[in-house]
Amino acid sequence: MKIINGRQIAKHIKSDIKTKIKNFKDITGKTPGLATILVGSNVASKIYIQSKIKACQEVGIQSFHNNISTQSSQDAIIRLINDLNSNTLINGILLQLPLPDKTFTQNCINAINPVKDVDGLHPVNYGKLSLLKSWNDIIKENVLIPCTPLGIMHLLQYSNIQLSGKTVLIIGRSNLVGKPLAILMLSQNATVITAHSKTYNLDKLTKIADVIIVAVGIPNFLNKNYNIKDNTVIIDVGINRTVDGLCGDVDFNYIQNKNVRITPVPGGVGPMTITMLLSNTLKAFINQNKINL
Ligand code: NAD
């Protein structure tokens, strides 16, 4: 087993982002601004927000945190989003999910100005992503793409893992991870299989996959019940808090003697997700200031 070190790759990309931000500041006197919104006091969400704010500080993005009460109505959240939409110091808005009342989610996301939608979940950005064909289009166009799938694509690219013609099995079909990842994988000419909770015979699919992405949210989900061929690349997206600490969706005891490459948890996809948030904030800043690169 070989480890794909997401933390190291993220560090490299972050240093590039930091340099670009400094250069833009020298030229324009401006720095990108990211607003974070936390509704309520979910412990895991608080930890995620803190690491995002810390990452912003590291690269020179100004962060503006907004913590509002668990009881906030949908109207109150949308009012806050509207204020942030019209604040010129703010280039990106991140609404931390899940919201205490999940039925508010899509209406609140829809209220974010698409040019500030650094999570890439607004229907305008999601729709544009679906229409783009090649990876070059995706990089060139001003579309904001969901951070975790985008981070996974960069992780694979930095690790020189070619996707063209390869069979990629994505386990999980969420709007946040599996679905946009399938579109991104297609843009790099992979043959994509998306599996989910209703998929039959998953063990037959893991056997043929060159790349397996596990985004299920169940500790030890990918275990000895699933055959994996030699040289498979495994991306473990899961973040599970157990009594033994943080773990992913892959059973490391099963994998460790296999001839595969894998991202660890922590230190794999997580740091890449945060780095893509910084990258999307910088992209939003560049788009809004019409800076030519
Ligand atoms: P989700 O709950 O929205 O989706 C889970 C998916 O798993 C669903 O599509 C479901 O169909 C599938 N699934 C459930 N049981 C299954 C089964 N038995 N067989 C096959 N598929 C099954 O979760 P999500 O938001 O996509 O997140 C998934 C995991 O990734 C969670 O642990 C989450 O914390 C983690 N996550 C990590 C990052 C990161 O930056 N590392 C980012 C986002 C999510």
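**Q** Help me understand the domain arrangement of the protein chain, please; the structure alone is not making it clear to me.
**A** The extent of an interface is frequently quoted as the accessible surface area lost upon association of the parts. Segmentation of the protein chain into domains returns domain 1 (29-113) and domain 2 (146-269). One C-alpha centre belongs to domain 1, the other to domain 2; they are set 29 Å apart.

**Q** So what exactly am I meant to see when it comes to helix 1 (residues 6-28) here?
**A** Quick reminder: α-helices carry 3.6 residues per turn. Residues three or four places apart thus point the same way. Compared with the 33 Å implied by 1.5 Å per residue over 23 residues, the 32 Å span of helix 1 between its first and last C-alpha is a close match. Among the residues making up helix 1, those that are buried are G6, I9, A10, I13, I17, I21 and F24. In this fold, the buried residues of helix 1 make contact with helix 2 (43-59), helix 7 (147-158) and helix 11 (269-289).

**Q** Please clarify how the site of the ligand should be interpreted in this entry.
**A** Close to the ligand lie 20 residues; R173, S174, V237, I239 and T273 are nearest. Contact distances for the ligand include 3.4 Å between a nitrogen atom and a backbone N or O atom of V237. Between T273 and the ligand, the recorded distance is 2.7 Å, taken from a side-chain N or O atom to an oxygen atom. Considered on its own, the ligand offers 850 Å² of accessible surface; in the complex 71% of this is hidden by protein. For the shell around the ligand, the leading source of residues is helix 11, giving three residues.

**Q** When you look at the pattern of salt bridges in this model, what are you seeing that I'm missing?
**A** Should their charged atoms come close, side chains of opposite charge can pair. Under the defined criterion, the tally for this structure stands at five salt bridges. Here D26 and K22 are joined by a salt bridge, their closest N and O atoms 3.0 Å apart. You can see D26 and its partner K22 sitting in helix 1, four residues apart, about one turn around the helix. This pair shows no difference in class: D26 is exposed, exactly as K22 is. The closest approach of N and O atoms between K54 and E58, which form a salt bridge, is 3.4 Å. One end of the pair is K54 and the other is E58, both in helix 2 and four residues apart, which spans about a single turn. Classification of E58 by relative accessible area gives partly exposed; the value is 35%.

**Q** What's the story with the packing of aromatic side chains in this structure? I'm lost.
**A** Think of a pair of aromatic rings as described by two things: how far the centres are apart, and how the planes are tilted against each other in angle. A full pass over the atoms with the stated rule returns two aromatic pairs. Aromatic pair F24 and F285: ring centres 6.3 Å apart, planes at 55°, arrangement tilted. Of this pair, F24 sits in helix 1 while F285 sits in helix 11, and the two are 261 residues apart along the sequence. With a relative accessible area of 7%, F24 lands in the buried category. Judged by its relative accessible area of 1%, F285 is buried. On the basis of an interplanar angle of 25° and a centroid distance of 5.9 Å, the ring pair of F221 and Y226 is categorised as stacked. Overall, the relative accessible area of 18% leaves F221 in the buried class.

**Q** I tried to follow the sheet that holds strand 4 (residues 92-95) on my own but got confused; where do I start?
**A** Consider a sheet: its strands pair through backbone hydrogen bonds, and that pairing is either parallel or antiparallel. Ordered by their spatial adjacency, three strands build an open sheet running 3-2-4, and the pairing between neighbours is parallel. Each of the sheet's edge strands pairs with one partner strand only, and the pair in question is strand 3 (62-68) and strand 4. Looking at each pair of strands side by side, their axes are set apart by 15° on average, direction ignored. Sheet topology places strand 2 (residues 33-39) next to strand 3; seven bridges connect them, and they run parallel.

**Q** Would you take a moment to explain the side chain of N125 for this structure?
**A** By the element assignment, N125 lies in helix 5 (residues 123-131). Assessed through its relative accessible area of 4%, N125 is described here as buried. Of note is the side chain of N125, whose polar atom sits 3.0 Å from the backbone oxygen of P114. Apart from the residues within four sequence positions on either side, N125 is in contact with P114, D117, G120, V143 and L144.

**Q** Before we go on, may I ask you to explain the sheet that holds strand 6 (residues 191-195) in this structure?
**A** Taken in spatial order, the six strands of this open sheet run 1-11-8-7-5-6, and their pairing is parallel. Here the strands that pair on one side only, and so sit at the sheet edges, are strand 1 (2-3) and strand 6. Sheet topology places strand 1 next to strand 11 (residues 261-262); two bridges connect them, and they run parallel. Looking at the pairing, K2 lines up with R261 of strand 11. Contacts from helix 8 (residues 178-187) reach strand 5 (167-171), strand 6 and strand 7 (211-214) within the one sheet, and its direction differs from that of strand 5 by about 170°.

What counts as what
Residues numbered from 1 in each chain as written. Predicted model: local features only at pLDDT ≥ 70, side-chain atom pairs only at ≥ 80, totals over all residues. Heavy atoms only, no water. Domains from an automatic or database assignment. Helix = DSSP H or I, 4+ residues; strand = E, 2+ residues; numbered from the N terminus. Expected span 1.5 Å × (residues − 1). Buried < 20%, exposed > 50% of the residue type's maximum accessible area, 1.4 Å probe, protein only. Contact = heavy atoms within 4.5 Å. Near = heavy atom within 4 Å. Polar contact = N/O pair within 3.5 Å; in protein donor to acceptor, adjacent residues only side chain to side chain. Areas by Shrake-Rupley, 256 points an atom, 1.4 Å probe, with all protein chains shown as cover. Salt bridge = Lys/Arg side-chain N within 4 Å of Asp/Glu carboxyl O. Phe/Tyr/Trp six-rings, centres within 6.5 Å; stacked < 30°, edge-to-face > 60°. Pairing = 2+ DSSP bridges. Axes fitted to C-alpha atoms, helices over the stretch in contact; angles between N-to-C directions.

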